[in-house]
Amino acid sequence: MKTPTQTNAIDFDSAKLQRLGFGQPSLVPRRPTTITQLRQQLGLQLQTSLEPERILGVFFREIQRLVPLDALQYRHQASDLRLEFGHRGHHTASYSLSHEGEHLGELIFRRNQRLVEEELGQLESLLATLLYPMRNALLYRAATRSALRDPLTETGNRIAMDQTLQREIDMARRHLNPLSLLMLDIDHFKVINDTHGHTAGDTVLRAVAAAIKSQLRNVDMVFRFGGEEFLILLSNTGRDAAAMVGERLRQAAQTQDYRADGERIELTVSLGCSTLLAAESAESLLRRADSALYVAKREGRNRLAMAG
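Residues numbered from 1 in each chain as written. Predicted model: local features only at pLDDT ≥ 70, side-chain atom pairs only at ≥ 80, totals over all residues. Heavy atoms only, no water.

> Sorry if this is basic, but what is going on with the overall build of the protein here?
Within the protein, the secondary structure is distributed over 10 helices and 12 strands. In the protein, which comprises 308 residues, the proportion classed as buried is 47%. Sequence separation of at least 24 residues holds for 65% of the intrachain contacts in the protein that already meet a minimum separation of 6. Of the roughly 16300 Å² of accessible surface on the protein, 49% is carried by carbon and sulfur atoms. (Helix = DSSP H or I, 4+ residues; strand = E, 2+ residues; numbered from the N terminus. Buried < 20%, exposed > 50% of the residue type's maximum accessible area, 1.4 Å probe, protein only. Contact = heavy atoms within 4.5 Å. Areas by Shrake-Rupley, 256 points an atom, 1.4 Å probe, with all protein chains shown as cover.)

Encoded structure:
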């Protein structure tokens, strides 16, 4: 059976919100019984967080007081954000959220029973409470990501790496899961810069970063560790599996078509791999991956070396 979908563009400005009853918030009952009360309560609750997951989670929970739903999905392509609450239903109602021409994402309500017109009207009225909180959350998310990302390669920077590595080590120990690191270095990168210029070098860095990310899972993380070095953090990955990933990255980077002024650039990478030991520190894990990388370079480059 074809899934019915209704798509609406939501674009409210401040004046429209006021006409819908979104002025200064007032005290409301803890358990709303009307759509007006629920709108007022949501207007207060949704502005207490800058986390999209929490905002949408509260929204999904509260709107079900009036309109029972099986699932809510949200996606915002520009910020690479995809969230889902509940279980998928057969019938959907889709909305494009926007404010003053600024796209705030796509929202999809799902239910096994078809949504009737009255329920759709209630959902559309309640959607207005999301606009300002989601706009603020997306702005905050963009600012945070910008501060933690390398602008050239769109990978995490050293600040993000320092924050993430210790967190992943703690999590691996808590859940008794393996954790591995790959340190990747572009071979003879200085020659590329000296021969073809720094613009070509930047292009190569971006292409290598893209090649790395294309071979990884969503849960894996990539950081620019130095000028031409990248660190790949492989959660829940033991020594043998990390070696397979490292070899896959080496081949992917080597087979890319790098060009400068129409001339092909031959490129290889070397990698060092370390796997977390019992009671090992973040500094030790990094040091062992770096030592393994040194071994790979000393033995002729274009290869993967494993830490002892």
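> What am I meant to see in the sheet that holds strand β11 (residues 269-275) here?
Within a sheet, each strand pairs with its neighbour through backbone hydrogen bonds, oriented either parallel or antiparallel. Ordered in space as β7-β8-β6-β11-β12, the five strands form an open sheet in which the pairing is mixed. Two strands close off the open sheet at either side, each with one partner strand: β7 (221-224) and β12 (304-306). Strand after strand, the sheet turns through a mean of 20 degrees between neighbouring axes, direction not considered. Where strand β6 (residues 179-186) lies against β11, seven bridges are found, and the strand directions are antiparallel. Note on β11: the bridge partner recorded for Leu 184 is Leu 271. (Pairing = 2+ DSSP bridges. Axes fitted to C-alpha atoms, helices over the stretch in contact; angles between N-to-C directions.)

> What exactly am I supposed to notice about the packing of helix α3 (residues 52-63) against helix α5 (residues 131-147) here?
Relative orientation and spacing of two packed helices are given, respectively, by the angle between their axes and the distance between those axes. Between α3 and α5, whose axes approach to 9 Å, the crossing angle comes to 160 degrees. Between α3 and α5, the interaxial angle falls into the category roughly antiparallel. In the crossing of α3 with α5, the sense of the turn from one axis to the other is left-handed. Judged by residue contacts, Pro 52, Ile 55 and Leu 56 of α3 engage Pro 133, Met 134 and Ala 137 from α5. Class assignment for the residues of the contact of α3 with α5 results in six nonpolar, no polar and no charged. (Parallel < 35°, antiparallel > 145°, perpendicular 65-115°, else oblique. Left-handed = near helix turned anticlockwise from the far one by under 90°. Nonpolar A, V, L, I, M, F, W, Y, C, P; charged D, E, K, R; others polar.)

> How should the nonpolar core be read in this particular structure?
Here is a general trend for soluble globular proteins: nonpolar side chains tend to be buried in one another's company. Ranked by internal contacts, the top residues of the largest apolar core, which has 32 residues, are Phe 59, Leu 107, Phe 109 and Leu 130. Every element with two or more residues in this core is listed here: α2 (35-45), α3, β2 (71-76), β3 (81-86), β4 (91-99), β5 (102-111), α4 (117-127) and α5. At six residues, the largest contribution of residues to this core is made by α3. If near-sequence neighbours (up to four positions away) are discounted, Phe 109 is found in contact with Phe 59, Ile 63, Leu 69, Ala 71, Leu 72, His 91, Thr 92, Ala 93, Tyr 95, Leu 123 and Leu 127. Membership of the second largest hydrophobic core comes to 28 residues, among which are Leu 205, Leu 216, Ala 242 and Ile 265. (Core = buried A, V, L, I, M, F, W, Y, C linked by side-chain atoms within 4.5 Å.)

> I would appreciate a short explanation of the packing of helix α6 (residues 158-175) against helix α10 (residues 282-298) in the present structure.
Put simply, α6 and α10 touch, their axes get as near as 10 Å, and they point 105 degrees apart. One finds that α6 runs roughly perpendicular with respect to α10. Across from Met 161, Leu 165, Gln 166 and Ile 169 in α6, the residues of α10 making contact are Ala 282, Leu 285 and Leu 286. Across the contact of α6 with α10, the residue classes break down as six nonpolar, one polar and no charged.

> Hey, could you run me through the pattern of salt bridges in this one?
Between side chains of opposite charge, pairing is possible as soon as their charged atoms come close. This model, assessed by the stated rule, comprises 17 salt bridges. Between Arg 88 and Glu 84 there is a salt bridge whose closest N-O contact spans 3.6 Å. Judged by relative accessible area, Arg 88 falls into the exposed class, the value being 54%. The partner of Asp 150 in a salt bridge is Arg 224, and the shortest N-O contact between them spans 3.3 Å. Taken together, the residues span a long stretch of sequence, with Asp 150 in the loop between α5 and α6 and Arg 224 in strand β7 at a distance of 74 residues. Across the pair, exposure class does not vary: Asp 150 and Arg 224 are buried alike. Among the charged side chains, a network of salt bridges with common partners joins Asp 257, Arg 259, Arg 264 and Glu 266. (Salt bridge = Lys/Arg side-chain N within 4 Å of Asp/Glu carboxyl O.)

> Quick question: what am I supposed to make of the side chain of Arg 250 here?
Among the structural elements, Arg 250 can be located in helix α9 (residues 239-255). A polar atom in the side chain of Arg 250 sits 2.5 Å from the side chain of Glu 247. Within the structure, the side chain of Arg 250 is placed 2.9 Å from the side chain of Asn 302, a separation counted as a polar contact. The contact partners of Arg 250, leaving out residues within four places of it in the chain, are Val 269, Leu 271, Asn 302 and Arg 303. (Polar contact = N/O pair within 3.5 Å; in protein donor to acceptor, adjacent residues only side chain to side chain.)

Everything listed here is a matter of geometry and, on its own, says nothing about what the molecule does.
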